[in-house]
Amino acid sequence: MDLRIFTEPQQGATYDTLLTVAKATEDLGFDAFFRSDHYLKMGSVDGLPGPTDAWITLAGLARETSRIRLGTLMTAATFRLPGVLAIQVAQVDQMSGGRVELGLGAGWFEEEHKAYGIPFPKEKFGRLEEQLEIVTGLWATGPGKTFDFHGTFYDLTGSPALPKPVQSRIPVLIGGHGAVRTPRLAARYADEFNMPFASVEDSERQFGRVRAAAKEAGRDPEGIVFSNALVVCVGKDDEEVARRAAAIGREVDELKANGLAGSPAEVVDKIGRYAETGSRRIYLQVLDLHDLDHLELISAQVQSQLS
């Protein structure tokens, strides 16, 4: 079971804070550092000093880390044109020496679009599907050849399909709870399928849908990595768990029900339940980015048991 650190910088974080967490992620032996791609805070936090851009952040981290994987959960297809996104991600892959992964979703948070003048189209899923075809098609186009695409939402003619990433295939992550279109899209494009903030039972059900869609598409479902994203709140005792829960404005019982919370033993046990569904990777949503002792505890007493 891989453990990855997943951050939500729109809730309030500078690049320097993210760099500190990313370096701790690397030093403590976690597999990857991922971040959300949002421009507006959510909930009652003040969000100060304001948003940071996901791919600018990852470009910086690409040069200041050496081992961990770097990526997004999830970049919104509404934020960037697919040709521009393909260039950005390929460049960061070059800057990192081939450590980038792209999580791509349809986009859903209308208020952040209004706040920053980003169009929020009614038909988002069709745009996502075309973006996936374009981005992966550009990367897969051979040297000296050109890429063309003529869809409903995007039109590319004679693209040189440059630059190329270092990796022969940048892993693409798709996720979500949709029962029909999401599994079909994952079966076609996903190297990894992620279930965000879902129960063991809902994860098992959705993973089954994705496996079935893959088989229907003539693809071996074993070629897809299945993963979960869950809020994390671990403490060496009840008092420490309660303190960490209060710091992120959550209740302990709610965190235990909907995330990974409690003692290291409790968290290891619950991760084991997700592993039984076929999940092989957990994105630990870390909401207090200044509590590095939390990461050290997870590394020493949770990750060590899983490996």
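To be clear, the structure that these remarks concern was listed above.
Residues numbered from 1 in each chain as written. Predicted model: local features only at pLDDT ≥ 70, side-chain atom pairs only at ≥ 80, totals over all residues. Heavy atoms only, no water.

Caption draft 1: Geometry of helix α1 (residues 15-27). In this model α1 runs 18 Å from its N-terminal to its C-terminal C-alpha over 13 residues, within 8% of the 18 Å that 1.5 Å per residue would give. Turning to α1, its buried residues number three or more, namely Thr 17, Leu 18, Leu 19, Val 21, Ala 22, Ala 24, Thr 25 and Glu 26. Just downstream of α1 lies Gly 29, where phi reads positive at about 85°. (Helix = DSSP H or I, 4+ residues; strand = E, 2+ residues; numbered from the N terminus. Expected span 1.5 Å × (residues − 1). Buried < 20%, exposed > 50% of the residue type's maximum accessible area, 1.4 Å probe, protein only.)

Caption draft 2: Spotlight on the nonpolar core. Trp 55, Trp 139 and Leu 284 are the most contacted members of the largest nonpolar core, which has 73 residues in total. Of the residues forming this core, the biggest block, seven residues, is contributed by helix α5 (residues 125-140). (Core = buried A, V, L, I, M, F, W, Y, C linked by side-chain atoms within 4.5 Å.)

Caption draft 3: Structural view of the pattern of salt bridges. According to the stated counting rule, one finds 19 salt bridges in the structure shown. Close ionic contact of Arg 281 with Asp 2 constitutes a salt bridge, the shortest N to O distance being 3.2 Å. In this pair, Arg 281 sits in strand β12 (residues 281-286) while Asp 2 sits in strand β1 (residues 2-7), placing the two residues 279 residues apart along the sequence. Accessibility expressed as a relative area gives 13% for Arg 281, which makes it buried. Of the residues examined, Asp 2 reaches a relative accessible area of 29% and is grouped as partly exposed. Among the ionic pairs, Glu 111 bridges to Lys 114, the shortest N-O distance being 3.7 Å. Linking Glu 111 with Lys 114, this pair stays in helix α4 (residues 110-116), spanning three residues, or about one helical turn. For Lys 114, a relative accessible area of 56% translates into the label exposed. Through salt bridges with shared partners, one network takes in Lys 236, Glu 240, Arg 243, Arg 244 and Asp 291. (Salt bridge = Lys/Arg side-chain N within 4 Å of Asp/Glu carboxyl O.)

It is worth stressing that arrangement in space is one thing and function is another; only the former is reported here.
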